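Listed below, chain by chain, are the residues.
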Amino acid sequence: MALSLSPSLHYATYLSKPNSTSKLTTPNLIWNYPLLCFRPVNLRNNQTKLHAVTDLRSNDAPGSLHQAKDEADDHKVLVGPSSEEESKGDRIVADYDWTEEWYPLYLTKDVPDDAPLGLTVFDQQLVLYKDGNGVLHCYQDRCPHRLAKLSEGQLVDGRLECLYHGWQFEGNGQCVKIPQLPADAKIPRSACLKTYEVKDSQGVVWVWMSQKTPPKPEKLPWFENFARPGFQDVSTIHELPYDHSILLENLMDPAHIPISHDRTDWTAKREDAQPLLFEVTERTDRGFAGWWGKEKDGSMPNFLRFDAPCVLQNNRELVDKDGQKNYFTGLFLCRPTGQGKSMLIVRFGSTKRSPLAKLFPKWYFHQNASKVFEQDMGFLSSQNEVLIKEKVPTKDLYLNLRSSDTWVAEYRKWMDKVGHGMPYHFGHSTISPPKLPAVVEHAPAGLVAGTSASSPAKGGIGSMHAPNLANRYFRHVIHCKGCSSVVKAFTAWKNGLSAAALVFTALAILASSRQWKSFLLVSATLCLGGVYACSTAIAMNTTNFIRVHRRL
């Protein structure tokens, strides 16, 4: 049965800026290879078609027939051209500007009430905070005085203060206090901040990145299932050490789940690895959508939709034995945070939850989600390195199977259309590598710095509090109010029970009565059991998963 997605369909429409592609030139869009070039051909107002011209030489060698047969066999299993233009060697270039989009910044519930939050979109550094009235503000993360990071600052009476010299800002970015300014002097008008529009929608804070084009409300994503009565979700946020395009690839790849995440939850089992069926039903300048399912079932009950710039959702309708229809959604909001980095908001929800799931606390599902990403982290980080080093399109590196990688191929082909409007991209047939090397911050900022400085380890290497994206504590816990509170609570209980066990043991030594000795020793043992339970819970929230064959 088809899914009803009408509220979100308007979000996947063609762009309509007239003739904006006339400024595009082939050398700026792609890297050309020997014997291959593209000739622009006018198409629509918002698109340009590039015609591929290749120098193909005939092959009359004795093995050419066998080679042709092998190539025909390959075409049966590998993803082929997805359009008539691609078959002819033509390429569609859509009008696209990465800044004219809404990007998911943070879960609303996790935005700190008492501190600024440093975030990035691609290489643009932002600071997000709540003022005294709980209103969200977003500025460029740079003080106009001497470029200090405002996310390293603090909130004073609802105003954002730079901790370098104490300049304070509020509202639309105007400076309202400069301690070093003479009493009879006015604050310079240029002492203001670059502001960004933010919206709180369905529990997520979104930012509009363009400074030239006013925000477009029609581009703000709306998710129908999350607005349904009785819909409940578990939402987590994770910072990850690989590019957002690789993250999106991974999330739209159902074939890897039985292998990579074998027995991680109640559904993934490696013996279930099998061919999958895919049907692409929609391709636009803003993404694609379609159905998928297991080949052995002969059906495609799952509906996947990708929408620009970084929104992926997988929906399914389930009908119970009473004929009641229930809705399930896996929503992935992937924000690019710079070269080799990304931040992901994961939201799994449905109109009917399993009774078994209600028995587990939310932090259990959060740590399980962290475990899932750690299982993939080694593969995806190395994939990121290869793409950067090789500097060739993915068609020259990937072997995309029709029965497992259809969505991955669709995504990279979509990047071919819009990559020219991004800071960098790796498409199916084109690439535009980063123009500048990645900036590595040796001094952590914002919440990371605060947590590192307040811990006994002082950010020491190898500790739970080391500012390292390979560390679960910094990938998830510091971004999640719930898990941060859980770790603090279990730590407090652990310390208290340890002290109690010590006291009970000392009293047992001093006690003269055998009954009292037994009682005190049993009490100490129970306290030590509680210490072990608390230590286990803390480790579950803060310790990386390591595969058994990799453990020392």
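Remember, predicted model here, so these are calculated numbers, not experimental data.

What counts as what
- Residues numbered from 1 in each chain as written.
- Predicted model: local features only at pLDDT ≥ 70, side-chain atom pairs only at ≥ 80, totals over all residues.
- Heavy atoms only, no water.
- Helix = DSSP H or I, 4+ residues; strand = E, 2+ residues; numbered from the N terminus.
- Buried < 20%, exposed > 50% of the residue type's maximum accessible area, 1.4 Å probe, protein only.
- Areas by Shrake-Rupley, 256 points an atom, 1.4 Å probe, with all protein chains shown as cover.
- Phe/Tyr/Trp six-rings, centres within 6.5 Å; stacked < 30°, edge-to-face > 60°.
- Lys NZ or Arg CZ within 6 Å of the ring centre and 35° of its normal.
- UniProt positions renumbered as here; feature names shortened; annotations may be inferred.
- Pairing = 2+ DSSP bridges.
- Axes fitted to C-alpha atoms, helices over the stretch in contact; angles between N-to-C directions.
- Contact = heavy atoms within 4.5 Å.
- Core = buried A, V, L, I, M, F, W, Y, C linked by side-chain atoms within 4.5 Å.
- Domains from an automatic or database assignment.
- Expected span 1.5 Å × (residues − 1).

A.B. asks: Go over the overall build of the protein chain, please, and point to the residues and values.
C.D. replies: The number of helices and strands found in the protein chain is 12 helices and 22 strands. Within the span of the protein chain, comprising 552 residues, buried residues form 48% of the whole. Summing over all exposed atoms, the protein chain offers an accessible surface of approximately 28,500 Å²; the carbon and sulfur share of this is 57%.

A.B. asks: Report on the packing of aromatic side chains, specifying residues and quantitative values.
C.D. replies: Per the counting criterion, the structure on display carries 23 aromatic pairs. Seen in terms of ring centroids, Phe 226 and Phe 231 are 4.8 Å apart; in terms of plane orientation they differ by 55°. Their pairing is tilted. The residues Phe 226 and Phe 231 share a single accessibility class, namely buried. Ring-pair connections join several aromatic residues into one group, and the members of that group are Tyr 96, Phe 278, Phe 288, Phe 306, Trp 407, Tyr 411 and Trp 414. If you follow Arg 228 out to its NZ or CZ, it ends over the ring of Tyr 327, 3.6 Å from the centre.

A.B. asks: Account for the UniProt feature "transmembrane region" (unreviewed entry) in the protein chain, naming residues and giving values.
C.D. replies: Residues given the UniProt feature "transmembrane region" (unreviewed entry) here are residues 492–512 and 519–540. As annotated, residues 492–512 has a helix share of 90% and a strand share of 0%, and its two end C-alpha atoms lie 32 Å apart. Measuring from the first to the last C-alpha atom of residues 519–540 gives 32 Å, for a span that is 100% helix and 0% strand.

A.B. asks: Could you give an account of unusual backbone geometry, naming the residues involved and the relevant values?
C.D. replies: Of the consecutive residues Ala 308 and Pro 309, the connecting peptide bond is found in the cis state with omega at 0°. Mapped onto the elements, Pro 309 comes out in the loop between β17 (302–307) and β18 (311–319). Of note, Gln 202 is a non-glycine position whose phi angle comes to about 50°, a positive value. By secondary structure assignment, the location of Gln 202 is in the loop between β12 (195–201) and β13 (204–208). Despite not being glycine, Arg 263 has its phi angle at roughly 65°, a positive value. On the secondary structure map, Arg 263 appears in the loop between α6 (257–260) and β15 (276–284).

A.B. asks: Account for the sheet that holds β17, with residues named and values stated.
C.D. replies: As summarised here, the arrangement of the 7 strands in space is β14-β20-β19-β18-β17-β16-β15, forming an open sheet in which the pairing is antiparallel. Each edge of the open sheet is held by one strand with a lone partner, namely β14 (232–240) and β15. Across the sheet, the mean angle from the axis of one strand to that of its neighbour is 15°, orientation sign disregarded. The sheet strands contacting helix α5 (residues 244–251) are β14, β17, β18, β19 (325–336) and β20 (342–350), and the helix crosses β19 at an angle near 160°. Lying over the sheet, helix α8 (residues 406–418) contacts β15, β16 (287–294) and β17, oriented at roughly 20° with respect to β15.

A.B. asks: How would you sum up the environment of Asp 265? Please name residues and give values.
C.D. replies: By the element assignment, Asp 265 lies in the loop between α6 and β15. Given the relative accessible area of 37%, Asp 265 is considered partly exposed. A sequence separation of 103 residues divides Asp 265 from Asn 368, and the C-alpha atoms of the two residues are 8.0 Å apart.

A.B. asks: How would you summarise the nonpolar core if you had to cite specific residues and measurements?
C.D. replies: Of all hydrophobic cores here, the largest spans 70 residues; its most connected members are Leu 105, Val 121, Leu 128, Val 207, Met 252 and Leu 344. Take this core: its biggest share by element is 6 residues, from α8. Shared between two domains, this core takes at least three residues from each, and those domains are domain 1 (102–215) and domain 2 (223–432). Within the second largest apolar cluster, 15 residues are counted, among which are Tyr 139, Ala 148, Trp 167 and Cys 175.

A.B. asks: Now, about the pairing of strand β4 (residues 102–107): what can you tell me, with residues and values included?
C.D. replies: A large share of β4 lies buried, amounting to 6 of its 6 residues. Here β4 pairs with β13 via 5 bridges, running antiparallel. Across the sheet, residue Leu 107 finds its bridge partner in β13, namely Val 204.

A.B. asks: Explain helix α11 (residues 481–510) to me, using residue names and the numbers behind them.
C.D. replies: Residues separated by three or four positions in an α-helix point in the same direction, a consequence of the helix having 3.6 residues per turn. Between its first and last C-alpha, α11 extends 44 Å over 30 residues, near the 44 Å set by a 1.5 Å rise per residue. Those residues of α11 not exposed but buried are Cys 483, Ser 484, Val 486, Val 487, Leu 497, Ala 501 and Ala 508. Of the surrounding elements, those touching the buried residues of α11 are α7 (362–390) and α12 (514–542).

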